[in-house]
Amino acid sequence: MQKKGFTVNIEKCANRIEKSLRFQLNELDHIGRSKHADKQAERAAYLHEHGNLRGWNPARLPWIYSKGTMATYKRQMKPFAVFCAEAGARRVGVITQEMGEAYLRKLHAEGKSAWSISTAASAINKAMGWSLSPKALDLPSRGKMDIRRCRDKEAYTDMEYAKYRDQITIARAVGARRESIYNEDDPEKMIRANRCVRNDEGDVVGIWLLEKGGKVRCAPVLNRYRGEVTEIVDRISTVRGDDAPLFDSYGGHVRNHRLRAEYAAALLHQLESERLAGKPLFGGEFPLRDYFRLRGKDRKRGKKSGGHDTDLLGAVSGALGHNRIEVIIRHYLYLC
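The present account deals with the structure reproduced in this document.

Right, let's get into the side chain of threonine 310. When you line up the elements, threonine 310 lands in helix α11 (residues 310-319). Classification of threonine 310 as buried rests on a relative accessible area of 3%. Of the polar contacts made by the side chain of threonine 310, one reaches the side chain of serine 305; its length is 2.8 Å. With sequence-adjacent residues up to four places away left out, threonine 310 is seen in contact with Phe292, Leu294, Arg301, Gly302, Lys303, Lys304, Ser305 and Ile325.

This is the structure in structure tokens:
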């Protein structure tokens with residue numbers, strides 16, 4: 001009986017701690033707000049307080065801007081709360097950073113990947129206001145070669161393609177994230193016919209996407225998919241209307257990141273072919289400056305990066321919703 005009562009006590013403590021951690025995450029909710037505006041305000045406040053920007057890190061803001069990130073972080077709270085309760089914590093106020101470090105070491109001992117440990121550390125840091133670093137604990141660093149999901153298999157099975165052919169075609173044609181194809185939690189982000197950009201011939205040449213962090217971008221349609229995308233949009237909007245989401249489902253096992261990688265490789269090849277042939281880039285529908293914006297270290301790059309024209313890599317980065325060339329080289333061009 002004593003053992004049973006002790007188990008119930010641990011469970012109650014874990015639930016209490018988890019509830020408090022989730023509450024602290026909710027306090028950081030800036031979903032729908034402009035991250036850029038918050039960054040500028042933080043910069044001005046830091047400059048006013050210190051007189052210079054020495055020591056200010058523009059990449060670190062205390063808030064959370066994505067529903068997906070918030071959901072991911074909240075899922076991390078339960079196992080961490082259980083660990084802390086088993087370590088003797090009865091409320092969130094007595095949890096120490098040493099407990100957090102011990103928890104990360106425990107994850108490593110259980111065989112969790114470097115990516116899982118990094119996600120757990122980020123979630124705990126947000127909730128507790130800490131700066132836990134797996135690297136400082138001599139835990140393995142994340143590496144591209146460790147990633148297997150979405151990279152070592154085909155993007156979909158024959159059965160999935162038969163069921164989700166239209167969704168897969170759109171994702172492959174514009175490099176859309178999964179949340180833009182189907183998003184039960186935030187339907188406003190889903191693609192609609194009235195967000196499509198058409199040329200003078202009526203072909204869909206781009207689609208406006210509302211993505212994580214409230215970012216909006218016009219994703220150019222690959223030249224070879226314009227006919228298919230136009231047919232899909234016209235067919236579905238005739239039934240659903242221009243303001244309704246195009247899709248009401250999407251296979252959870254479709255490897256959408258691989259489709260984005262296929263888009264990156266295809267768009268880079270298209271741009272290089274157009275430049276070599278002396279033709280307008282993006283089929284003449286969009287200027288390069290709409291997508292090519294070098295920032296930070298990328299400004300110091302030469303004309304070539306990784307064997308490709310730097311400006312074209314920057315354009316691919318912008319078309320995918322990123323702003324760093326290194327991200328494209330490391331995580332998207334493995335199919336080139």
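Having seen the model, we can carry on.
Let's shift gears to the packing of aromatic side chains. Inspection of every chain in the model, using the stated rule, returns 7 aromatic pairs. Arranged with centres 5.2 Å apart and planes meeting at 20°, the rings of tyrosine 156 and tyrosine 161 form a pair that is stacked. For tyrosine 161, a relative accessible area of 25% translates into the label partly exposed. Ring geometry for phenylalanine 286 versus tyrosine 291: centroids 6.0 Å apart, planes at 85°, classification edge-to-face.

What follows covers unusual backbone geometry. One non-glycine residue, aspartate 138, lies in the positive phi region at around 60°. By secondary structure assignment, the location of aspartate 138 is in the loop between α5 (114-128) and α6 (158-163). Although it is not a glycine, phenylalanine 282 adopts a positive phi angle of roughly 55°. Counting through the fold element by element, phenylalanine 282 comes out in the loop between α10 (256-277) and β4 (304-305).

Attention shifts here to a positive patch on the surface. Among the surface-exposed residues, Lys35, Lys212, Lys215, Arg293, Arg295 and Arg299 lie close enough to one another that they form a single positively charged patch. Tracing the sequence through the fold places lysine 35 in helix α2 (residues 35-50). Relative accessible area serves as the criterion here: at 39%, lysine 35 is assigned to the partly exposed category.

This part covers the nonpolar core. Counting 51 residues, the largest nonpolar core has Ile170, Ile207 and Val229 as the members making the most contacts within it. Only α7 (165-174), β2 (204-210), β3 (216-220), α9 (226-240), α10, α11 and α12 (325-331) provide two or more residues apiece to this core. The biggest single contributor to this core is α10, with 7 residues. Excluding its chain neighbours within four sequence positions, the residues that come into contact with isoleucine 207 are Ile170, Val174, Ile191, Arg195, Cys196, Arg217, Cys218, Ala219 and Val229.

Helix length check: helix α3 (residues 67-86), at 20 residues, gives a terminal C-alpha distance of 30 Å against a target of 28 Å (1.5 Å per residue), a fit within 8%. Lysine 78 marks the point of greatest bend in α3, at about 25°, and the proline proline 79 comes within the next four residues.

So, about the environment of cysteine 218. Looking at where cysteine 218 falls in the secondary structure, it is placed in strand β3. C-alpha of cysteine 218 to C-alpha of leucine 320: the two residues are 102 residues apart in sequence and 9.4 Å apart in space. Non-local contacts of cysteine 218, meaning those with residues more than four positions away in its chain, are made with Val197, Gly206, Ile207, Trp208, Phe286 and Tyr291.

The rules behind each value
Residues numbered from 1 in each chain as written. Predicted model: local features only at pLDDT ≥ 70, side-chain atom pairs only at ≥ 80, totals over all residues. Heavy atoms only, no water. Helix = DSSP H or I, 4+ residues; strand = E, 2+ residues; numbered from the N terminus. Buried < 20%, exposed > 50% of the residue type's maximum accessible area, 1.4 Å probe, protein only. Polar contact = N/O pair within 3.5 Å; in protein donor to acceptor, adjacent residues only side chain to side chain. Contact = heavy atoms within 4.5 Å. Phe/Tyr/Trp six-rings, centres within 6.5 Å; stacked < 30°, edge-to-face > 60°. Patch = residues over 30% accessible without salt bridge, like charges linked within 9 Å, V, L, I, M, F, W, Y side chains within 5 Å. Areas by Shrake-Rupley, 256 points an atom, 1.4 Å probe, with all protein chains shown as cover. Salt bridge = Lys/Arg side-chain N within 4 Å of Asp/Glu carboxyl O. Lys, Arg positive; Asp, Glu negative; His and termini not counted. Charge placed at Lys NZ, Arg CZ, Asp CG, Glu CD. Core = buried A, V, L, I, M, F, W, Y, C linked by side-chain atoms within 4.5 Å. Expected span 1.5 Å × (residues − 1). Bend = angle between axes of the 7 residues up to and from the residue.

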